[in-house]
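Structural characterization, general
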Amino acid sequence: MEASPLLWVVPLSGLVAVAVAAYFAYDVLKGDTGTPEMQEVAGAIYVAAVAFIRRQYRTIALLALFGAAVVGGVVYAFERVEGISQTELALKTAFAFLVGATASMLSGIIGMFVAVKSNLRTAAAAQTSLGNALRISLRGGAVSGILVVGLSLIGVFLIFVAYNGFARPAEAPFTIVGFGFGASFVALFAQLGGGIYTKAADLGADLVGKVEAGIPEDDPRNAAVIADLVGDNVGDCAGRGADLFESTAAENIGAMILGVAIFAATGNVLWILFPLVVRGFGLFASVIGIWAVRGKETGDPMESLNVGSYIVTGLSLLFMWFTTNQMLNEQGGGHWFFYAGAVGILTSQVFVYITRYYTSGNSRPVQEIANAARTGPATTIISGTAVGYETTGPSVIAISVSLFLSYFFGTQWGAQTGLPHGGIYGTAVATMGMLMSAAFILAMDTFGPITDNAAGVATMARAPHDVRDRLDRLDAAGNTTKALTKGYAVASAALAAFLLFSAYLDRVAALTGKPFDTVNLAKVEVFIGGLLGAMLVYVFSSLAIRAVGVAGGAIIEEVRRQFREHPGIMAGTEKPDYARVVDITTASALRNMIAPGLLAIGAPILVGVVLKAEAEAAMLMVGTMAGVILATVLNNGGGAWDNAKKFIELGGLKDAAGVSIGKGTPAHAAAVVGDTVGDPFKDTAGPSLHVLVKLLSTITLVLAPLFI
């Protein structure tokens, strides 16, 4: 801590995060638990969610132990670091992998536990006011958001200290990369398994319930409805929590590695530690923003959430200015890195607007899809596909401008100071700036499934109309926040991918003792590596989407069977067998997450071993580009289909006479089909691609000695 008093921000922010998350959890759990009917529905969701998570994480834990052994073996056999024995280096890397994996699992489990407890209390709070329901649901989501970022920050910092980082700062970032790999490893399987579960259940519930049986969403007569509500938690809460945990951990370590080069030129350790400090300040900003959100009985809940977002952005800019001027002000040039950090902070807001435009019912793209539904499912799917492809334009331009400006500001610092590596460090500062709001973003993301579940609980418990109306308004805001979070995740993955790619080049250069800053696609093996990277993205997505189709088909058959063999279900005299559908969904999700997960891990290792380091760099570059673009298509296209359906359900689509074309019409049925096509896009394959992009980077960083 002698390097700068600001380093105390890191452990202090971690402690504050744990304390605030504990208070929010207490505040949520002491809330009213509603009517006995609400408690019965919420209890069924909780039992099924815990059963799935227990089975899923048991499988992931076994895979993680095997992964740690492999990583340790590779490091022992191929890597050498001066001053550290082979055995010590291998054990440290394997241990860091297990710590990252364990912290990632813990983040997902705690966040999901509080989320499944929050849904009941949100439904109960809606009996009195929308403001209370908003407070409970956002604070329930904030437990996950704050803990994920706090555990990530504390984990990286403690590993850095434990691995003698202050005494040997130039080596420590390279020895802790296993932490990021372990987090990415768990996140991939958590996101895949949860995503397959949630969308298979959603698909089965929608197609048999809404389209075939003509019953409302979350109708208690639908045997798939409990599995659908469980899926919101295991996919959007646990899966996304693990996703953002690995994002913040891996990107932090990558930025620290890039700081090593400037540390070598200046002897100032703050270049390595800056990413930790600025993220600590970002955590403070997010906590203040969450606390500032206050709901009103009238008005759009999204407006209250936007106020919190603006507060986080403003505080992040203030903290970025202070931190860069205190820690990076070499020869008075710190203001250039503030500009780079501001670019990252503002890019997150740009992506909020891009995503909102393409997924909001008030915008042209969603209304275009809704109008296409008048002529059937085929035109609905064609229109939604076109919208998904269109979204890549503004998204890629925004990412490109952000990278260009942050690199430019970094080079201006280099020109003023005469020091090297300013450009690439500028992109690292921009990435850290974007991650400053990660806790608030994840809180808004988890807010979505909590409100969705609360609306489902109220519907199944046959709550009064005014309660369901409040929850429907919160659910609509939750759908928007979930879509915005996916846009944020894509943008941060793109910025981080360039950062981590540069860190990989530095790592190979350090291992070989030769400069490595050119990837020559004119070499046949390098071109093949790039081509295989693009292929990996599409084959991986295919496996993830197919898994949803297979599991969803099994659920459809089961729900049809129950309707057919038990006519009392539709009459309301007999209860459906919810547990049977939950069991089918669980088994299918766990079975089908293995193949795409092993492909994502095995393919880059095989390419690196056979075609070597430069081809691996090409695979990383091209795979990242293809992954970011395809994730944008899947996320925004799927979100647009979803909200086109909701636009019709809310009466937004009208005929020539001005009469609403709503539920139960052929246009609504076509929109439901479009929504079910988009579900595995936006909630399974798309989010899993975020993890894949960063997993490629962490694999190459950890296993780089194998590719030399």
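Residues numbered from 1 in each chain as written. Predicted model: local features only at pLDDT ≥ 70, side-chain atom pairs only at ≥ 80, totals over all residues. Heavy atoms only, no water.

1. Section: the overall build of the protein chain
Counting its regular elements, the protein chain contains 21 helices and zero strands. Here the C-alpha atoms of the protein chain give a radius of gyration of 24 Å, agreeing with the 27 Å that 2.2 N^0.38 yields for 708 residues. Taking all 708 residues of the protein chain together, the buried fraction comes to 64%. Once local pairs closer than 6 in sequence are excluded, the contacts in the protein chain between residues at least 24 apart make up 84%. A total of about 23100 Å² of accessible surface is found on the protein chain, and carbon and sulfur atoms cover 65% of it. (Helix = DSSP H or I, 4+ residues; strand = E, 2+ residues; numbered from the N terminus. Rg over C-alpha atoms; globule rule 2.2 N^0.38 Å. Buried < 20%, exposed > 50% of the residue type's maximum accessible area, 1.4 Å probe, protein only. Contact = heavy atoms within 4.5 Å. Areas by Shrake-Rupley, 256 points an atom, 1.4 Å probe, with all protein chains shown as cover.)

2. Observations regarding helix α1 (residues 9–29)
The terminal C-alpha atoms of α1, which comprises 21 residues, lie 30 Å apart, in line with the 30 Å expected from a rise of 1.5 Å per residue. Among all positions in α1, only V9, V10, S13, G14, A17, V20, A21, F24, A25, D27 and V28 are buried. Angularly, the buried residues of α1 cover 160° about the axis, an arc narrow enough to put them on a single face. Opposite the packed face of α1, turned more than 90 degrees from it, sit the exposed residues L15 and Y26. (Expected span 1.5 Å × (residues − 1). Arc of directions from axis to C-beta.)

3. A word on the packing of aromatic side chains
Inspection of every chain in the model, using the stated rule, returns 22 aromatic pairs. A ring pair is formed by W336 and Y339, whose centres lie 5.7 Å apart and whose planes are at 85°; its orientation type is edge-to-face. One end of the pair, W336, and the other, Y339, are both in helix α10 (residues 334–359), three residues apart, so they sit about a helical turn from each other. Looking at Y339, the relative accessible area reads 35%, which means it is partly exposed. Ring pairs connect the aromatic residues W336, F338, Y339, F408 and F409, which therefore count as one cluster. Directly above the aromatic system of Y46 lies the positively charged group of K117, at a separation of 4.2 Å from the ring centroid. Between the NZ or CZ atom of R139 and the centre of the ring of W291, over which it lies, the distance is 5.4 Å. (Phe/Tyr/Trp six-rings, centres within 6.5 Å; stacked < 30°, edge-to-face > 60°. Lys NZ or Arg CZ within 6 Å of the ring centre and 35° of its normal.)

4. Points about the packing of helix α6 (residues 177–213) against helix α20 (residues 594–649)
Two elements in contact, α6 and α20, have axes separated by 14 Å at closest approach and are oriented at 30°. Viewed along their axes, α6 and α20 adopt a mutual orientation that is roughly parallel. Along this stretch, α6 crosses α20, giving a crossing that reads as left-handed. Each of F185, L188, F189, L192, D206 and K210 in α6 lies in contact with α20, whose residues at this interface are I594, P596, G597, L598, A600, I601, K645 and E649. (Axes fitted to C-alpha atoms, helices over the stretch in contact; angles between N-to-C directions. Parallel < 35°, antiparallel > 145°, perpendicular 65-115°, else oblique. Left-handed = near helix turned anticlockwise from the far one by under 90°.)

5. What to know about the nonpolar core
Grouped together as the largest cluster of nonpolar side chains are 244 residues, with contacts concentrated most on I146, I226, Y425, L471 and Y504. Ignoring any residue separated from it by four or fewer positions in sequence, one finds Y425 in contact with A255, L258, G259, I262, W271, F274, P275, L328 and F337. (Core = buried A, V, L, I, M, F, W, Y, C linked by side-chain atoms within 4.5 Å.)

6. Structural notes on the confidence of the model for the protein chain
Here the protein chain averages 85 in pLDDT, while 98% of its residues score no lower than 70. Ranking the elements of the protein chain by mean pLDDT puts helix α5 (residues 172–175) last, at 74, and helix α12 (residues 377–390) first, at 94. (pLDDT = per-residue confidence, 0-100.)

7. Details of the environment of G662
Summarising the element assignment, G662 is placed in the loop between α20 and α21 (666–702). Judged by its relative accessible area of 15%, G662 is buried. Sequence separation of G662 and K645 is 17 residues, and the distance between their C-alpha atoms is 9.5 Å.

8. Notes on the side chain of H668
Here H668 is to be found in helix α21. There is a polar contact of 2.9 Å between the side chain of H668 and the side chain of E649. What H668 contacts, discounting residues up to four positions off in sequence, is K645, I648, E649, G662 and K663. (Polar contact = N/O pair within 3.5 Å; in protein donor to acceptor, adjacent residues only side chain to side chain.)

9. A closer look at the pattern of salt bridges
Pairing is possible between side chains of opposite charge, provided their charged atoms come close. Tallied over the entire structure, the rule returns 20 salt bridges. A salt bridge links R470 to D466; the nearest nitrogen and oxygen atoms lie 3.7 Å apart. Linking R470 with D466, this pair stays in helix α16 (residues 465–512), spanning four residues, or about one helical turn. Two residues, R580 and E558, come together in a salt bridge whose shortest N-O distance is 3.9 Å. Of the two residues, R580 is situated in helix α19 (residues 578–592) and E558 in helix α17 (residues 524–565); the sequence distance between them amounts to 22 residues. On the accessibility criterion, R580 (38% relative accessible area) is partly exposed. When its relative accessible area of 7% is taken as the criterion, E558 is described as buried. (Salt bridge = Lys/Arg side-chain N within 4 Å of Asp/Glu carboxyl O.)

10. Looking at unusual backbone geometry
Non-glycine residue H421 carries a positive phi angle of around 70°. The class of H421 is partly exposed, set by a relative accessible area of 41%. Phi is positive for R462, which is not a glycine, with a value near 55°. Mapped onto the secondary structure, R462 falls in the loop between α15 (438–460) and α16.

11. Description of the side chain of S13
With respect to the helices and strands, the residue S13 is situated in helix α1. On the basis of relative accessible area, S13 is assigned to the buried category, the value being 1%. Filtering out sequence-adjacent residues up to four positions away, S13 remains in contact with L153, G280, L283 and F284.

12. Overview of the environment of P449
Take P449: it is sitting in helix α15. With 26 residues separating them in the primary sequence, P449 and D475 have C-alpha atoms 8.2 Å apart.

13. What to know about the environment of V702
Relative to the assigned elements, V702 resides in helix α21. Between the C-alpha atom of V702 and that of R507, which follows or precedes it by 195 residues, the distance is 9.3 Å. Setting aside residues no more than four positions away along its own chain, V702 makes contact with V71, V75, T93, V177, G178, F181 and R507.

14. Structural notes on a nonpolar patch on the surface
Judged by side-chain polarity, I397, V401, F404, L405 and F408 come together as a nonpolar surface patch covering roughly 470 Å² of accessible area. Relative to the assigned elements, F404 resides in helix α13 (residues 392–417). Taking the relative accessible area as the measure of exposure, F404 reaches 58% and is therefore exposed. (Patch = residues over 30% accessible without salt bridge, like charges linked within 9 Å, V, L, I, M, F, W, Y side chains within 5 Å.)

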